[in-house]
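Residue-level structure breakdown
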Amino acid sequence: MPPADELANLRGIRLPPMETGFWADIGFAVALGLAAALVAALLLRLVLRPRKPSLRAEALTELAAAKSLPVPERRAAQAALLRRIVRTVEGDDAARATGPAWAATLDRTLGVDLFERRSGRVLVDGLYARELSDDPALDRELDAAVAKVGR
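Residues numbered from 1 in each chain as written. Predicted model: local features only at pLDDT ≥ 70, side-chain atom pairs only at ≥ 80, totals over all residues. Heavy atoms only, no water.

1. Some words on the packing of helix 2 (residues 55-66) against helix 3 (residues 71-90)
Selection criterion: Note on geometry: axes are C-alpha line fits, over the in-contact stretch for helices, and angles between N-to-C directions span 0 to 180 degrees. Counting from the N terminus, the helices are DSSP H or I runs at least four residues long and the strands are E runs at least two residues long. Convention used here: angles under 35 degrees read as roughly parallel, angles over 145 as roughly antiparallel, angles from 65 to 115 as roughly perpendicular, and any remaining angle as oblique. Working rule for contacts: check all heavy atoms of both residues, and any pair within 4.5 Å makes them a contact. By the convention adopted, Pro, Cys, Tyr, Trp, Phe, Met, Ile, Leu, Val and Ala count as nonpolar, Lys, Arg, Asp and Glu as charged, and the other residues, Gly among them, as polar.
Contact geometry of helix 2 with helix 3 gives a least axis separation of 9 Å together with a crossing angle of 170°. On the basis of the axis angle, helix 2 is roughly antiparallel to helix 3. Contacts between helix 2 and helix 3 involve Leu-55, Ala-59, Glu-62, Leu-63 and Ala-66 on the former and, on the latter, Arg-74, Ala-77, Gln-78, Leu-81, Arg-84, Ile-85, Thr-88 and Val-89. In the contact of helix 2 with helix 3, the residues fall into 8 nonpolar, 2 polar and 3 charged.

Here it is in structure tokens:
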């Protein structure tokens, strides 16, 4: 007499154990080692990467270095620095302004009224004058204005 359930006497099908080769284990270890080295290299790069100084710190350093120059060269260096600051903060279009528009852009970017109405005009339209006066007050006001960049 056959069993009521014909499938009851079947045993589970089992595959014979697969033999793994020596090279499969080595390949896995090499891949794991390379992945760990990549992660370690990326983490070290993040940790040991030199920090770029802020725009404010870089600009103040350049202003301090310019103070040792003769007046015409100092004013030219300060004007070039102001162009770079505006280009960084507001973009290329703002940095291309000239005349009164440039003075207004400088005042707006630095949050001062130094360039449209006061002694900062020399950095807007007076750079080509025959005689540039040495104005320590302008240097101090420029330092104070640049110190506010990025705040």
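2. Observations regarding the nonpolar core
Just so we agree on the cut-off: To qualify as a nonpolar core, a set must consist of buried Ala, Val, Leu, Ile, Met, Phe, Trp, Tyr and Cys residues joined through side-chain atoms within 4.5 Å. Only protein chains enter the accessibility calculation, which uses a 1.4 Å probe. A residue is then buried if its area is under 20% of the maximum for its type, exposed if over 50%, and partly exposed in between.
Counting 23 residues, the largest nonpolar core has Leu-82, Ile-85, Trp-102, Leu-106, Leu-110 and Phe-115 as its most contacted members. When residues of this core are traced back to their parent elements, those giving at least two are helix 2, helix 3, helix 4 (92-95), helix 5 (99-110), helix 6 (122-125) and helix 7 (136-147). Counting residues per element, this core draws most heavily on helix 3, which supplies 5 residues. Those residues in contact with Leu-106, other than ones at most four positions away along the chain, are Leu-82, Val-86, Gly-111, Phe-115 and Val-124.

3. Here we look at the side chain of Arg-75
Here is the rule: Polar contact criterion, stated in full: a pair of N or O atoms within 3.5 Å, where within protein one must be able to donate a hydrogen and the other to accept it, and residues adjacent in sequence count only if both atoms are side-chain atoms.
As for its placement among the helices and strands, Arg-75 is situated in helix 3. The exposure class of Arg-75 is buried, given its relative accessible area of 1%. A distance of 2.6 Å separates polar atoms of two side chains, one belonging to Arg-75 and the other to Asp-139.

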